[in-house]
Amino acid sequence: MFLSFEGGEGAGKSTQIQSLLVWLQAQGHTVLVTRQPGGTDYGQRIRHLILDHHPSELLSPRAELFLYLADRAHHVDTVIRPALAAGQIVICDRYADSTLAYQGYGRGLDLNELKTLNHLATGGLQPDLTFWLDLDPALGHARIGDRPGKDRLESEALAFHQKVRSGYAALAAEEPLRWQRVDASLSAQAVLAELKTRLGPYLNSPVEALP
Ligand code: TMP
C-alpha cells in the first residue's frame, strides 16, 4: 500500500507520519517512511538546491519544477517501487500532488502539462490514499513562526500559501476516493485518531480491493 501525505507548512505532517509509523509497526506491518524532495542521496542534494536561500538569484519556476521532477523520478525508481514490490507499506511525505498544488496552483504553471510531467516522472505510480492535513496558512505560519532557518518556500507570502491550499481543495474534489482531508487545526492526538480511523478499513484488505 502506498500512502502519501500532503499539506501546507506547519500542518504537522512529519509528526503524524512518525506516530502512524509506530502504530503500524506495532501491528506487525513493515513500513517505509520517506519523503519528497530528499528521499535519496541525490534527492538530498536536489532538496538543498531548491530550498536553500540564494538571495542574489531567483530560481525560475520551471527550473524549480524540473528539480522536483528529477528528485521524484529517481526516488520512485530506486526507493518507492522496490519497497512496494517487497510488500512494504510506503508512506511518502509529499508526492506528485505537491507539484500540482505548489507549482500549478501556487506558481501558476499549466496544470495539464504538470500532470503529464508527473506521469513521466512517476511512470504513472499513484498513491492508494492521500492524507491532506488541511490547515489555514495563517495558523501554519504561526506554528512555524519561531522555527529557526525557515526555508525558501516557507518564507513565501501568505497569499502564495492560500493559493496552494485552494489547489489542494480542488485536487481533493477531483479524486474524492483517493483524498482524505483531515482537519489539522485539531490537537496532534485528535489528528492521529482520525488517521487511524480512516486507515483502519484498508489495512486488512488487499491493495486491489482499495477503492
Ligand atoms: P517539506 O518542507 O514539507 O519537506 O517540503 C519542502 C517544500 O517543497 C515545501 O514548501 C513544498 C515544496 N514542494 C513543491 O513546491 N513541489 C513539490 O513537488 C514538492 C514535493 C515539494
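In what follows, the structure referred to is the one given above.
Before going into details, it helps to say that this report is about the structure given with it. (Residues numbered from 1 in each chain as written. Predicted model: local features only at pLDDT ≥ 70, side-chain atom pairs only at ≥ 80, totals over all residues. Heavy atoms only, no water.)

1. Comments concerning the overall build of the protein
Move 1: Within the protein, the regular secondary structure consists of 8 helices and 5 strands.
Move 2: Secondary structure elements of the protein, listed N to C terminal, follow the sequence β-α-β-α-α-β-α-α-β-α-α-β-α.
Move 3: Rg of the C-alpha trace for the protein: 17 Å, near the compact-globule value of 17 Å for 211 residues, within the 12% margin.
Move 4: Expressed as lengths along the three principal axes of its C-alpha atoms, the size of the protein is roughly 50 × 35 × 30 Å.
Move 5: Expressed as a percentage of its 211 residues, the buried residues of the protein come to 45%.
Move 6: For the protein, contacts bridging at least 24 residues in sequence account for 79% of all contacts bridging at least 6.
Move 7: When the accessible surface of the protein is totalled, it reaches about 10,200 Å², and 55% of it is carbon and sulfur. (Helix = DSSP H or I, 4+ residues; strand = E, 2+ residues; numbered from the N terminus. Rg over C-alpha atoms; globule rule 2.2 N^0.38 Å. Buried < 20%, exposed > 50% of the residue type's maximum accessible area, 1.4 Å probe, protein only. Contact = heavy atoms within 4.5 Å. Areas by Shrake-Rupley, 256 points an atom, 1.4 Å probe, with all protein chains shown as cover.)

2. A few points about the side chain of Gln16
Move 1: Examined against the element boundaries, Gln16 turns out to sit in helix H1 (residues 13-26).
Move 2: Residue Gln16 is classed as buried on the basis of its relative accessible area of 4%.
Move 3: Residue contacts for Gln16: discarding those within four places in its chain leaves Phe5, Leu133, Ala188, Val191, Leu192 and Leu195.

3. Some points on the site of the ligand
Move 1: Neighbouring the ligand are 14 residues, the closest being Tyr68, Arg72, Arg94, Thr99 and Gln103.
Move 2: Tyr68 has a polar side-chain atom sitting 2.9 Å from an oxygen atom of the ligand.
Move 3: Between the ligand and the protein, one listed contact pairs an oxygen atom with a side-chain N or O atom of Arg94 at 2.7 Å.
Move 4: Its free accessible area being 480 Å², the ligand has 94% of it covered by the protein chains.
Move 5: Elements supplying a minimum of two residues to the shell around the ligand: helix H2 (41-51), helix H3 (61-85) and helix H4 (96-106).
Move 6: Looking at the shell around the ligand, the element that brings in the most residues is H4, giving 4 residues.
Move 7: For the shell around the ligand, a count of residues per class yields 5 nonpolar, 4 polar and 5 charged. (Near = heavy atom within 4 Å. Polar contact = N/O pair within 3.5 Å; in protein donor to acceptor, adjacent residues only side chain to side chain. Nonpolar A, V, L, I, M, F, W, Y, C, P; charged D, E, K, R; others polar.)

4. Some words on the sheet that holds strand E5 (residues 179-183)
Move 1: Reading across from one edge, E2-E3-E1-E4-E5 is the order of the 5 strands in this open sheet, with parallel pairing throughout. Each having just a single partner strand, strand E2 (31-35) and E5 make up the two edges of the open sheet. Averaged over neighbouring strand pairs, the angle between their axes works out to 20° when direction is ignored.
Move 2: Relative to strand E3 (residues 89-93), E2 is paired through 5 bridges, and the arrangement is parallel. Directly across from Thr34, in E3, lies its bridge partner Cys92.
Move 3: Its contacts with the sheet put H1 on strand E1 (2-7), E2, E3 and strand E4 (129-134), and the angle it makes with E3 is roughly 170°. (Pairing = 2+ DSSP bridges. Axes fitted to C-alpha atoms, helices over the stretch in contact; angles between N-to-C directions.)

5. Some details on helix H8 (residues 188-203)
Move 1: Along its 16 residues, H8 runs 22 Å from first to last C-alpha, staying within 8% of the 22 Å computed at 1.5 Å per residue.
Move 2: Here H8 has its buried residues at Val191, Leu192, Leu195, Leu199, Tyr202 and Leu203.
Move 3: Those residues of H8 that are buried are in contact with E1, H1, E3, E4 and E5. (Expected span 1.5 Å × (residues − 1).)

6. Examining the packing of aromatic side chains
Move 1: For the coordinates displayed, the defined rule picks out 6 aromatic pairs.
Move 2: For the ring pair Phe5 and Phe131, a centre distance of 5.4 Å and an interplane angle of 45° mean the geometry is tilted. Of this pair, Phe5 sits in strand E1 while Phe131 is found in strand E4, placing the two residues 126 residues apart along the sequence. Here Phe5 and Phe131 have matching classes, each one buried.
Move 3: Residues Tyr102 and Phe160 carry aromatic rings whose centres are separated by 6.0 Å and whose planes lie at 55° to one another, so their mutual orientation is tilted. Separated by 58 residues along the polypeptide, Tyr102 in helix H4 and Phe160 in helix H7 (residues 158-174) bring together distant segments of the chain. Summarising the burial analysis for this pair, Tyr102 and Phe160 share the class buried.
Move 4: Taken together, the aromatic side chains of Tyr102, Trp132, Phe160, Tyr168 and Trp179 make up a single cluster linked through ring pairs. (Phe/Tyr/Trp six-rings, centres within 6.5 Å; stacked < 30°, edge-to-face > 60°.)

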